[in-house]
Amino acid sequence: MTHAVSRVLLAAAIGLVGSAAGAAELRVGYSADITTLDPANHRSRVTEGLILNLYDALLARTDDMKIVPELAESWKQIDATTYEFVLRKGVKFHSGSEMTADDVKFTFDRLVKDGAMGGQTSPRKSLLGPLKDTSVVNPTTVRFHLAEPWPILAAYLPFQQVVSKAFVEKVGTPAMATQADGTGPFKLVDWRRGDSIILERFDGYYGGSPDLAPVGKAGVDRVVFKIIPESASRVAALLAGEVDLIDELPVHSIKQIEANPRTKVLATNGTRSFFIPMNNTRPPFNDARVRLAANLAVDRKLIIDRVLSGLATPLNGLLSPESYGFNANLPSLALDVDRAKKLLAEAGHPNGVEATLDVANAFKDVAEAVASQLTRAGIRTKVQLWEQTTLSQTWAKPETNGRDMVFQSWGDGALDPVGIFVPVLKGKDRGNYSGYANKDVDALLTSADTEVDVAKRSKMYQDAQAIVAKDTPLIFLWLPQDVYGASARLKNWRPSPRGVVKLHDARVD
Amino acid sequence: MTPLRLIERLLQLVPVLLGISVIVFAMMALTPGDPVQIMLGDSLSNEAQKESLRRDMGLDLPVAERFVRFLGNAVTGNFGLSFFHRRPVGEIILERLPATIELTLVSLLIAILVAIPLGVIAAVRRDSLLDRLATVGSMLGVSMPGFWFGILLILLFAVQLHWLPVSGRIGFGQEVPAVTRFVLVDALIAGRLDSFLDALRHILMPAVTLGLGMAALLMRVTRTAMVEALAQDYVVFAEAKGLSRARVIGRHALKNALIPTVTVAAIETGSLLGGNMIVETVFGWPGLGRLVVEAIFTRNYPLVQAAVLLYAVTYVFLNFLADLLYTVLNPKVRL
């Protein structure tokens, strides 16, 4: 009898030890600390990337950027300004309560109503455009009411995660910054500020969107995000086996990671286009021929191969090929130095022109490569270094800044022209550094803003791209890939084109 | 020191801190860059959003009014909400401060333990091989960039030899309950020797990196002061009295030679706080320095202002401490 008991105890002890040792833990070397755990109180992709492991959203994106239901089961448009969402049943928050339409209404009220976050207004409000109200139809159905038609509502819903009404009311908005009660695949164990964020699998997880295989609980027991801001240290941590995955792998470390049998490089198209606005408001770049010459002078492929380790896609326009409304028939801007020189001569510059290219410190190398190619074609370009914030401020008013060119990039996680084409190329818009203003382009973009017909709206953007391709207000460059380093034991995880590290699918050997 | 003198010294702090507040506030206000714009970045935004953020950050008020409010709140220890964390700045700084203090103190300890014995030996054995080696070594130590030295340490001890961890304060699974929030101390309180050793392994590389420059400097100062002291009449007299060599060096020469060393050490401890910014980044050390650098880049005014005031108070305090130590080392000095 005693023997039997002790044997059972022994077996239990071994079992405990065994399960502790066998617990699958995935460690991520993350380049920056998050600012908050409150899904409604930030504007940071790094922060959102982590929050997505704790909180799910009404809709999600597949790897090929299709919009699919997540916490919603289905959705439909009722009229031009009303959308209806039917919620998935049986979805639980980490605290055990079931998600209902009240939680969804509370979440979106908190996002769009002024002062709804303990007196403050959510910094994410404008990511929901003209959404003004949400109403509960029944416990599993909500309606979204817009102030005006907004065709891209669905594209922006994956950015907003659903919170628990009861939890927020219990802890209050200040505590939401450091506590979490989501519906996501992991729950929060501890956030050691500046050091690490520790998560563990949520066993009550409903499984996630049926359109995002594999459906089910998270593949690892524990996830640790270690904050390692210095890229050389992050690479070292991966090589030393301290972490299994690192983000923001620097291009110069790619060979080292590839050569090591225990590590590998993972990459996917990013959502940030790089380009060089030329100052369209003053000579020499107020002449379309000079601007086209500049575009033909740049050997994108060479720079991508030599400076960016081949990890970028050359662009003939502003949009990513994966973007909605992408025009695949734009004229090629392949290298043609002779034609560039001819165009310069036609524009009255047979001996070429002088120009300055402004760039923030971080992009000095590529900017110098571009400058040397421009110079070879007769646009003798000097590179000037700036601090990023000062640079942005200087270029906010191209018509009075007296500058020539600036190295710029623009990110758009929604992959919709509204998030990149409009701000960069519409007259006087917030990211328009070139000073470009074309009445026809502006008219097309304004109509597309409220056009609900998907095909018609896409056609408007394609037409706008065709006009811009003739005017070439920018030197179009490339779309860099997001590059990660991973250990060989990491399985089943692919980088997301949204640039977030969601680890639901990941497994470790 | 009389209590009156102490109060006088503390009162002297007031104009210093006021002056620093004005300078920091003006610098942040004059630096180009709009925190609202930085926060919103490229993503969808509109004027209404910018206005509400500006209001939440208190940036809708005129600069003068902002300054008066800042001063008024700062007196009561309220430094406002961090623009990006949207939480009280004081809370955020306190979360990060223990890590920075712990790292600074361990670096200081390493620097002193290395520098003073080496400095004394170099002075006593002047022009010997050891003296020359120490001098060359200290030159290297002073001129080596901490960033580069830190990466070299990581490559050798973490990547090649696997002896020490790349980053962090303590390993996962070695956590101890936070009492003082100094991990080394907390491990001892919890009676966990394994955790203490693990925390020690974590702090070793950052502390050596941070303490290197200081050790080199202190060694040179100690050596110079010792050489000078050893040439003094009282040392010759003590030797003539027939005191042992150790007693002459230890009691007579070193005690006086330590005065400049203590001054430099106290002042340099302040600059260790500054050096922290780089070391904390390289070793992923969750301290204040890294947070402040990020805050400067993102124009997080409240956080930068509070942190700089804290640095200033620390500097003044350390100088005060150096003065106090003088009186202990040399009773002739009165405060």
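Residues numbered from 1 in each chain as written. Chains lettered and ligands numbered in written order. Predicted model: local features only at pLDDT ≥ 70, side-chain atom pairs only at ≥ 80, totals over all residues.

What follows is about the environment of Ala414(A). Residue and element names in this part refer to chain A. Take Ala414: it is sitting in the loop between strand 18 (408-411) and helix 15 (421-425). Residues Ala414 and Tyr156 lie 258 residues apart in sequence; the distance between their C-alpha atoms is 6.4 Å. Discounting residues that sit within four places of it in the chain, Ala414 has contacts with Ile152, Ala155, Tyr156 and Gly419. (Helix = DSSP H or I, 4+ residues; strand = E, 2+ residues; numbered from the N terminus. Contact = placed C-beta atoms within 7 Å.)

All right, on to the interface of chain A and chain B then. Listed by partner, the interface residues are 39 residues for chain A and 41 residues for chain B. Secondary structure elements with two or more residues in the side of chain A that touches chain B: strand 10 (222-227), helix 7 (231-239), helix 13 (388-395) and strand 18 of chain A. Tallied by class, the residues present in the side of chain A that touches chain B amount to 14 nonpolar, 15 polar and ten charged. (Nonpolar A, V, L, I, M, F, W, Y, C, P; charged D, E, K, R; others polar.)

Moving on, we come to helix 4 (residues 63-75) of chain B. The first and last C-alpha atoms of helix 4 of chain B sit 18 Å apart over 13 residues, in line with the 18 Å expected at 1.5 Å per residue. At the exit of helix 4 of chain B stands Gly77(B), carrying a positive phi of roughly 80°. (Expected span 1.5 Å × (residues − 1).)

Turning our attention to unusual backbone geometry. Cis geometry is found at the peptide bond from Ala213(A) to Pro214(A), where omega equals -5°. Tracing the chain through its elements places Pro214(A) in the loop between strand 9 (196-201) and strand 10. Note that the residue after Pro283(A), namely Pro284(A), is joined by a cis bond; omega there is 0°. In this fold, Pro284(A) is placed in the loop between strand 13 (272-277) and helix 9 (288-297). A positive phi angle, close to 65°, is found at Asp127(B), a residue other than glycine. Look at Arg299(B): it is not a glycine, yet its phi comes out positive at around 55°.

Time to look at the pairing of strand 4 (residues 72-79) of chain A. Residues and elements named next belong to chain A. Pairing of strand 4 with strand 5 (residues 82-87) involves six bridges; the strand directions are antiparallel. Bridged to Ser74 within strand 5 is Val86. Between strand 4 and strand 5, which pair antiparallel and follow one another directly, the connecting turn spans two residues. (Pairing = 2+ DSSP bridges.)

A few words now on the packing of helix 12 (residues 288-297) of chain B against helix 13 (residues 301-329) of chain B. Residues and elements named next belong to chain B. Direction vectors running N to C along helix 12 and helix 13 enclose 135°, while the axes themselves pass 8 Å from each other. Between helix 12 and helix 13, the angle falls in the class oblique. Of the two possible hands of crossing, helix 12 and helix 13 adopt the one that is left-handed. When helix 12 is examined against helix 13, the residues Leu288, Val292, Ala295 and Ile296 are found in contact with a partner set consisting of Leu303, Val304 and Ala307. Taken together, the residues that form the contact of helix 12 with helix 13 break down as seven nonpolar, no polar and no charged. (Axes fitted to C-alpha atoms, helices over the stretch in contact; angles between N-to-C directions. Parallel < 35°, antiparallel > 145°, perpendicular 65-115°, else oblique. Left-handed = near helix turned anticlockwise from the far one by under 90°.)

Residue and element names in this part refer to chain A. Read across the open sheet, the three strands follow the order 16-15-17; overall the sheet is parallel. Strand pairing shows two members of the sheet lacking a second neighbour, strand 16 (379-386) and strand 17 (405-406), which therefore form its edges. Two elements, strand 15 (residues 353-360) and strand 17, share two bridges in a ladder whose sense is parallel. Looking across to strand 17, one finds that Asp358 is bridged to Val406.

All names here are of chain A. Pairing is antiparallel across the open sheet formed by four strands, whose spatial order is 4-5-7-6. Taken across any chain shown, the strands that pair with only one partner, and hence form the sheet edges, are strand 4 and strand 6 (131-138). Ignoring which end each strand starts from, the neighbouring axes of this sheet average 20° apart. Across the sheet, helix 3 (residues 101-112) lies against strand 5, strand 6 and strand 7 (141-146), angled at about 170° from strand 6, the strand it touches most.

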